[in-house]
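Read off the chains here:
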Amino acid sequence: MERGKSFKLLICTDGSAEAMRGMRYGAKLGKGIGAEITIFHVCKGGEDDPENRDRELVAVGAMEEKFGSRSLGMSIPEIRYLEEARLGLIAHGWMAEDWSAEQGGNFDGDLFGDFQITHRGPGGEVINLKLKQGRNAAGEILDEIENGGYNLVIIGASKRSGLSRIFLSSEVQKVVVHAQCSVLVARELEAGHGHLVGLDGSEEAYVMMHKDVMLASRCSCPVSLMSVARRPQDESKAIRIVEEGQRILKSFGLGAAEIKTAIGDPVEELIKYGRNYSVIVLNGKGQSGLKKRFFMGGTVFNVVIAAENSVMVVR
């Protein structure tokens, strides 16, 4: 991120624990870089789904009783996720109850319509709470990314019912592959453990590295650089790659907390070492057109799929 340039952060929420962790991490990150933050929820179903409509009307009634019929300016389905996000942001000191709020978006009085509430702080802070109606969550998220000009989207991975293993839904996979901006897939995301940036020696990877270090420096997140050699005889090349990364950062007055190398399969090594960090950071640049078909089976996507913690694909 360039200093002085506005940064727009989209945080997707579905009310899950992973989404809430991602929201808290994103809010801390966004505050550190002075970002405009949008908390975004896609509401599936609607008027043509009677059971879903009845269930959501009950939920709205409960929200009205707890927070007041106009707690966010209107009554709409699944507002509870955004209200929980708002209260979470207040609890962590990232916004205040007395921030001004204005209604926007496409809300036209339909209980099941789209809407947006924009909260503004005294220092120019902006946090949007936005709900979109649609049956295809990935499609709605991708449309929001394209139309909103976001720099980063945070989306939570889910836990498969009955199993402890966290996996990527097809919707999250679509967002990772097709988003035009950087994507952070949140798994057990906790702040304070730094970023591990994977380098392969390409020019795009060094550009990605610089972007992440600039971003991380705004919220005091330490960054480590790592390169993986597939064979022992390639280890010297891996060492040169991370040393070059450190040299590039120093030329910008920046630096990495540590540099490290490993020998083996890049996917396995990045996942193994990445367990000790908040986020594994990888390059997703240049995955459009013909290259996108290979991205699905490449190192970056396989790390996103198999990692036990959070992964950020930088574009």
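Before reading on, note that the structure itself is shown above.
Residues numbered from 1 in each chain as written. Predicted model: local features only at pLDDT ≥ 70, side-chain atom pairs only at ≥ 80, totals over all residues. Heavy atoms only, no water.

As for helix α3 (residues 79-91)
Between its first and last C-alpha atoms α3 spans 18 Å; for 13 residues at 1.5 Å apiece the expected length is 18 Å, and the two agree. Ile-79, Tyr-81, Leu-82, Glu-83, Ala-85, Arg-86, Gly-88, Leu-89 and Ile-90 are the residues of α3 that are buried. (Helix = DSSP H or I, 4+ residues; strand = E, 2+ residues; numbered from the N terminus. Expected span 1.5 Å × (residues − 1). Buried < 20%, exposed > 50% of the residue type's maximum accessible area, 1.4 Å probe, protein only.)

Details of the state of the cysteines
Taken as a whole and judged by the stated rule, the model has zero disulfides. The thiol sulfur of Cys-181 is not disulfide-bonded, and the nearest other cysteine sulfur, from Cys-12, lies at 9.3 Å. (Disulfide = S-S within 2.5 Å.)

What to know about the packing of aromatic side chains
Under the criterion given, the structure shown has zero aromatic pairs. The ring of Tyr-150 is capped by Lys-8, whose NZ or CZ atom sits 5.2 Å from the centre of that ring. (Phe/Tyr/Trp six-rings, centres within 6.5 Å; stacked < 30°, edge-to-face > 60°. Lys NZ or Arg CZ within 6 Å of the ring centre and 35° of its normal.)

Things to note about the pairing of strand β6 (residues 152-156)
For β6, the tally of buried residues reaches five of five residues, placing the bulk of the element in the interior. Bridge analysis of strand β1 (residues 8-12) against β6 gives three bridges, and the strand direction is parallel. Paired with Ile-11 across the bridge in β6 is Ile-154. Pairing of β6 with strand β9 (residues 182-186), which is carried by five bridges, proceeds in the parallel orientation. Following the sheet pairing, Gly-156 is matched in β9 by Ala-186. (Pairing = 2+ DSSP bridges.)

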